[in-house]
Amino acid sequence: MPDPEHVKKLAYQLAHRTKPQVYIETGVLVVLALTALIGNSCVLYVFYKSPRLRNVTNYYLITLAISDIVFALTVMPLSVANSTHGRDVVGHSVGQVSGFICLSLIYGSLQTTSLIAVNRFFCVVKPLVYRKYFKPKPAILMIVGSWILSVSFVAVVYFGGLGTFLFYPGRFVYFLASHNVIAIRVFTALSHITFIIYPMLMTAICYWKVYQIVKRHETSVSTSMNNGDSQNYPSLSREEIHVTKSVLALVCGFVVCWIPCSTTLHIAVYISIPRYAEMIITYTAFASSALNPFVFNIFNKPFRKEFFRIFSVKKTKVGSSSQHDLP
C-alpha cells in the first residue's frame, strides 16, 4: 500500500497544476492514445487486406496490435479524463476493471514480445526446426497460452485477496496495491522476474544469436558476389532478413520503453518518489503501444510496401471520383 500521506501530496499536486501543465501533460496522453489507436488500427487493416502477410511471425505482431488497440480504448481514455480533471473521475468500481485490464495487457504484451524473439531465433538459427514445428496452429496455441498465464497471474493476486487496484495520482491510472507490504513486494519481484527480466533476458540471448547469423550471412553474400559465386549464399531470404531487422527494431523499442517503466515501478514499491518520476511509468507504457505502427512502416519493407499500396489506392480512387464529379 502506498504511503497515504504521499498519495495525498501527489493528489494535491495533480489537482493544483497550472493550466500549461494540464495542457501539456494531458496533450501528450491524447497524442499517444490517438497514435496507438489509429496507428495499430491501420496495422490490422493492412494485415486484413494483405493475406500474403499473414505468416507465423505476423501472428505475434497482430496480437501486439490488438492488445495496443484494447489498451488505447480501455485504459488510455480514463487516464486522459483523470489528467484533464486533475482527480480520479472514474470511481472505484470502474477503476478495478481498468486496473485489471491494464496489468493483464502489460504482462501479455511482454510475453508476446519474448515469443517474437523465440520465433525469430528458430527461423534464423534453426530453420529446419522452425519449418517443422512453427506452424500457424502451434503459434496460436503459444499466444493463447501466454495470455492465459498473464491474465491468470493477475487474477490469482486480485481475486485471492492479495491486492487491489487503487488510484495513483502520479500515474493517472489505477494500479495494484496491497495493505500487506511484504505481499506487494513479493508480487512485484515475482512479476518482474516472470514478465520482464526473464523475457528480456531471453530476448537478448535470442537476438544476439540472430545478429551473429545475419552478420555472417551478409558477409558471406558480399564475399560470394565479389568472387562471382552466387550459389553459396546461406538459406536466408532477403525478405526474412528485412522482417528480422524490423522485429528487432520493434523489440528494441519495446525494451527501451519498458526498462525505465519497470525500474521506476519497482523503486516506487520501496520508497515514495516525486510525481514527475511516477509519470514515467504511464508515459513510457503508453509510448510502447504507440511505437508499433512506426516500426512497421520504417523497418518492415514488405509491410511498408503493402501499406502504401493499400492507402495510395484509396487516395487515388478518392481523387478520381472527385474529378468525375467536376462539372
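The structure displayed is predicted, hence computed values, not measured ones. All residue numbers refer to position in the chain's written sequence, counted from 1. The model is predicted, so local features are restricted to residues of pLDDT at least 70 and side-chain atom pairs to those at 80 or more, both for listing and for counting; the totals for chains, interfaces and linings are taken over all residues. Each side-chain value is worked out from all heavy atoms of the structure, with water and hydrogens disregarded.

With that settled, the discussion passes to the packing of aromatic side chains. What counts as a ring pair is set by centres within 6.5 Å for rings of Phe, Tyr and Trp (its six-membered ring), and what kind of pair is set by the plane angle: stacked under 30 degrees, edge-to-face over 60, tilted for all other angles. The tally for this structure, following the rule as stated, stands at 18 aromatic pairs. Ring centres 5.6 Å apart and planes at 90 degrees place the aromatic pair Phe 307 and Phe 308 in the edge-to-face group. Buried, partly exposed and exposed residues are distinguished by accessible area as a fraction of the type maximum, computed with a 1.4 Å probe on protein chains only: under 20%, between the cut-offs, and over 50%, respectively. On the basis of relative accessibility, which here comes to 16%, the residue Phe 307 falls in the buried class. Members of the aromatic cluster, joined through ring pairs, are Tyr 45, Phe 47, Phe 303, Phe 307, Phe 308 and Phe 311. Only Lys NZ and Arg CZ are tested; either one counts as a charge over a ring when it is within 6 Å of the ring centre and within 35 degrees of the ring normal. Directly above the aromatic system of Tyr 168 lies the positively charged group of Arg 171, at a separation of 4.0 Å from the ring centroid. Positioned above the aromatic ring of Phe 175, the side-chain terminus of Arg 171 is 5.3 Å from the ring centre.

A separate point is the pattern of salt bridges. Between side chains of opposite charge, a pair can form when the charged atoms approach closely. Each reported salt bridge corresponds to a side-chain nitrogen of Lys or Arg within 4 Å of a carboxyl oxygen of Asp or Glu. Throughout the structure, instances matching the rule amount to five salt bridges. The residue Glu 306 makes a salt bridge to Arg 52 at a minimum N-O spacing of 3.6 Å. Within this pair, whereas Glu 306 is found in helix H11 (residues 301-325), its partner Arg 52 is found in the loop between helix H2 (19-49) and helix H3 (56-74), the two being separated by 254 residues in sequence. The partner of Arg 309 in a salt bridge is Glu 306, with the nearest N and O atoms 2.8 Å apart. With a gap of three residues between them, Arg 309 and Glu 306 both fall in helix H11, about one helical turn apart. For Arg 309, a relative accessible area of 41% corresponds to the partly exposed category. Relative accessible area serves as the criterion here: at 6%, Glu 306 is assigned to the buried category. Residues joined in a network through salt bridges with shared partners are Arg 17, Glu 25 and Arg 275. A run of H or I in DSSP becomes a helix once it reaches four residues, and a run of E becomes a strand once it reaches two; helices and strands are each numbered from the N terminus.

Empty space within the largest pocket amounts to approximately 470 Å³. Buriedness of a pocket was judged along seven lines, with at least five required to meet protein on both sides within 12 Å; pockets are open sets of points on a 1 Å grid over the protein atoms alone, cavities are sets where a 1.4 Å probe fits but cannot get out, and lining residues have an atom within 4 Å of a point. Lining the largest pocket are 33 residues, and of these Tyr 168, Arg 171, Ile 184, Ala 268 and Val 269 sit closest to its centre. When contributions to the lining of the largest pocket are tallied by element, the ones reaching two or more residues are helix H1 (4-15), helix H5 (91-124), strand E2 (173-177), helix H8 (181-226) and helix H9 (238-270). The dominant element in the lining of the largest pocket, judged by the number of residues it contributes, is H8, at eight residues. Amino acid classes used here: Ala, Val, Leu, Ile, Met, Phe, Trp, Tyr, Cys and Pro are nonpolar; Asp, Glu, Lys and Arg are charged; the rest, including Gly, are polar. Split by residue class, the lining of the largest pocket holds 23 nonpolar, six polar and four charged. Grid points are joined across faces, edges and corners, and a volume is the space filled by probe spheres set on the points.

So, on to a nonpolar patch on the surface. A contiguous nonpolar surface patch, about 240 Å² in accessible area, is contributed by Val 30, Leu 34 and Ile 38. For Ile 38, the position within the fold is in helix H2. Like-charged residues within 9 Å of one another, or nonpolar side chains (Val, Leu, Ile, Met, Phe, Trp, Tyr) within 5 Å, are grouped into patches, provided each residue has over 30% relative accessible area and no salt bridge. Note on areas: Shrake-Rupley, 1.4 Å probe, and residue coverage restricted to the protein chains presented here.

Turning next to the side chain of Thr 284. Position of Thr 284 relative to the elements: it lies in helix H10 (residues 275-299). Owing to a relative accessible area of 15%, Thr 284 belongs among the buried residues under this scheme. In this structure the side chain of Thr 284 is engaged in a polar contact, spanning 3.4 Å, whose partner is the backbone oxygen of Ile 281. Should any heavy atoms of two residues lie within 4.5 Å, those residues are considered in contact. Other than its neighbours up to four places away in sequence, Thr 284 contacts Cys 257, Pro 260 and Cys 261. Here a polar contact is taken to be a pair of N or O atoms separated by no more than 3.5 Å, where protein atoms must pair a possible hydrogen donor with a possible acceptor and residues adjacent in sequence count only if both atoms sit in side chains.

Attention now moves to H3. The end-to-end C-alpha distance of H3 is 28 Å, a good match for the 27 Å that 19 residues give at a rise of 1.5 Å each. Sitting at the head of H3, Asn 55 places a side-chain oxygen 3.3 Å from the backbone nitrogen of Thr 57. A helix's residues, less one, multiplied by 1.5 Å, set its expected span.

On to H2. Taking 1.5 Å per residue, 31 residues should reach 45 Å; H2 reaches 44 Å between its end C-alpha atoms and fits that length. For H2, the complete set of buried residues consists of Val 22, Glu 25, Thr 26, Leu 29, Leu 32, Ala 33, Ala 36, Gly 39, Asn 40, Val 43, Val 46 and Phe 47.

Now for the UniProt feature "transmembrane region" (unreviewed entry) in the chain. UniProt positions are given in the numbering used here, feature names are shortened, and annotations may be inferred rather than shown by experiment. Mapped onto the present numbering, the UniProt feature "transmembrane region" (unreviewed entry) falls at residues 27-47, 59-78, 98-118, 139-162, 182-208, 247-273 and 279-299. Along residues 59-78, the helical share is 95% and the strand share 0%, with 29 Å between the first and last C-alpha atoms.

In this section: the confidence of the model for the chain. Looking at the chain as a whole, the pLDDT averages 83, with 87% of positions reaching at least 70. Predictor confidence is given residue by residue as pLDDT, running from a minimum of 0 to a maximum of 100. Taking the mean pLDDT of every element in the chain, the minimum, 65, falls on H11 and the maximum, 96, on helix H4 (residues 76-85).

Turning our eyes to something else, we now look at the nonpolar core. One broad rule of soluble globular proteins: the nonpolar side chains tend to lie buried together. Remark: nonpolar core denotes a set of buried residues (Ala, Val, Leu, Ile, Met, Phe, Trp, Tyr, Cys) joined through side-chain atoms within 4.5 Å. In terms of nonpolar packing, the biggest core is built from 84 residues, with Leu 103, Tyr 107, Ile 116, Phe 187, Trp 258 and Phe 303 touching the most fellow members. Looking at this core, the element that brings in the most residues is H5, giving 14 residues. Beyond its immediate stretch of four places on either side in the chain, Phe 187 contacts Leu 103, Tyr 107, Phe 153, Val 157 and Leu 176.

Looking at the secondary structure, you find Ile 281 in helix H10. Sequence-wise, Ile 281 and Thr 263 are 18 residues apart; in three dimensions their C-alpha atoms are separated by 8.8 Å. The contacts of Ile 281, once residues within four sequence positions are left out, are Arg 171, Cys 261, Thr 264 and Leu 265.

Further remarks concern the pairing of strand E1 (residues 164-168). Paired strands are those between which DSSP finds at least two bridges. Pairing geometry for E1 and E2, over five bridges, is antiparallel. Residue pairing for E2: Thr 164 is matched across the bridge by Ala 177. The turn joining E1 and E2, which pair antiparallel and follow one another in sequence, is formed by four residues; a positive phi near 70 degrees is taken by Phe 172.

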